[in-house]
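Each chain is listed here by its residues.
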Amino acid sequence: MFYQNPEIVHSIQQGIEFVGTFAFAISGIRHAAAKNFDWFGGFVCGIAVAIGGGTIRDVMIGVTPFWMTSSIYIICTVLAQLFVIVFSKFLKRLDNTWFVFDTLGLALFTIAGIQKSLAYDFPFWVAIIMGCMTGSAGGVIRDVLLNNVPIIFQKEIYAMASIIGGIVYWVLISLDVNVSITVVSSFLVVCVIRFLAVRYHLSLPRLRLEE
């Protein structure tokens, strides 16, 4: 299978993690800007959401956190900060910009988490959990830093989109579908679920205590 080929896994994973880092970093920095954080505070929020989920994943599967093996992820976050600073007036006009970048990061990091877990011979059910962890844990750290209730604990469908995308990935791989098609399909599933959930206010049932 493709995930047993280190070269293929490494090249695809690096590309996905780089784009995902940039997307998530912009999301974190935009949230910080909305709370009037300074540049350093924005960078901290950006790096937290960009590497937080992947760091937890790597610690749990017993490998060196991905950002400690290459400075490109720190550089990527710096570029994201410069992007937000330079285009702040343009981005301010787009109220849903942060949501788009956050969704892209969720989808990309979900796939990266699944691929890395499979590369280290973990079963698929673990890979799906690690994919969800990679995609959503950084957002939890960001929301805690911003003193917000983490989005995954609210009514919005967030982590579930990641899990469903992971299941789609598993099904397609089990059917020996080409890896490129599998990646694109899983990415689109996560994005579409998030967009539809927000557009039509779809959510999971809330827990309620009987009065």
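Within every chain, residues take consecutive numbers counted from 1 along the sequence as written. Confidence filtering applies because this is a predicted model: local features only for residues at pLDDT of at least 70, side-chain atom pairs given and counted only at 80 or more, and all residues used for totals across whole chains, interfaces and linings. By convention in this description, side-chain values take in all heavy atoms of the structure and omit both hydrogens and water.

- Per an unreviewed UniProt entry, the protein chain is named Glycine transporter domain-containing protein, and its organism is Hoylesella buccalis ATCC 35310.
- UniProt positions are given in the numbering used here, feature names are shortened, and annotations may be inferred rather than shown by experiment. Entered under Sequence similarities (unreviewed entry) in the UniProt record, the comment concerning the protein chain runs "Belongs to the UPF0126 family."
- UniProt, in the comment section headed Subcellular location (unreviewed entry), describes the protein chain in these words: "Cell membrane".

1. As for the pattern of salt bridges
Phase 1: Here a salt bridge means any side-chain nitrogen of Lys or Arg lying within 4 Å of a carboxyl oxygen belonging to Asp or Glu. Tallying each qualifying case throughout the model produces four salt bridges.
Phase 2: Among the ionic pairs, Arg57 bridges to Asp58, the shortest N-O distance being 2.8 Å. Pair check on accessibility: Arg57 and Asp58 agree, each one buried.
Phase 3: Asp58 is the salt-bridge partner of Lys116, the closest N and O atoms lying 3.2 Å from each other. Residue Lys116 is found in helix 5 (residues 97-119), and its partner Asp58 is found in helix 2 (residues 39-61); the two are separated by 58 residues along the sequence.
Phase 4: Relative accessible area decides the class of each residue, using a 1.4 Å probe on protein chains only: under 20% of the type maximum gives buried, over 50% gives exposed, and in between gives partly exposed. Judged by its relative accessible area of 7%, Lys116 is buried.
Phase 5: For Asp58, a relative accessible area of 0% puts it in the buried group.
Phase 6: Taken together, the salt bridges that share partners define one network made up of Arg57, Asp58 and Lys116. Numbering of helices and strands runs from the N terminus, with a helix taken as a DSSP run of H or I at least four residues long and a strand as a DSSP run of E at least two residues long.

2. Notes on the packing of aromatic side chains
Phase 1: Between rings of Phe, Tyr and Trp, where Trp is taken as its six-membered ring, a pair exists when centres lie within 6.5 Å; planes separated by under 30 degrees are stacked, by over 60 edge-to-face, and by other angles tilted. Scanning all chains against the criterion turns up six aromatic pairs.
Phase 2: Look at Phe24 and Phe109: their rings are 5.3 Å apart centre to centre, the planes differ by 85 degrees, and that puts the pair in the edge-to-face class. With Phe24 in helix 1 (residues 6-34) and Phe109 in helix 5, the pair connects residues that are 85 residues apart, well separated along the chain.
Phase 3: Look at Phe24 and you get buried, because its relative accessible area is 0%.
Phase 4: Using a relative accessible area of 1% as the deciding quantity, one classes Phe109 as buried.
Phase 5: Aromatic side chains Phe124 and Tyr169 sit 6.4 Å apart centroid to centroid with 50 degrees between the ring planes, which places their arrangement in the tilted category. Of this pair, Phe124 sits in helix 6 (residues 124-145) while Tyr169 sits in helix 7 (residues 159-174), and the two are 45 residues apart along the sequence.

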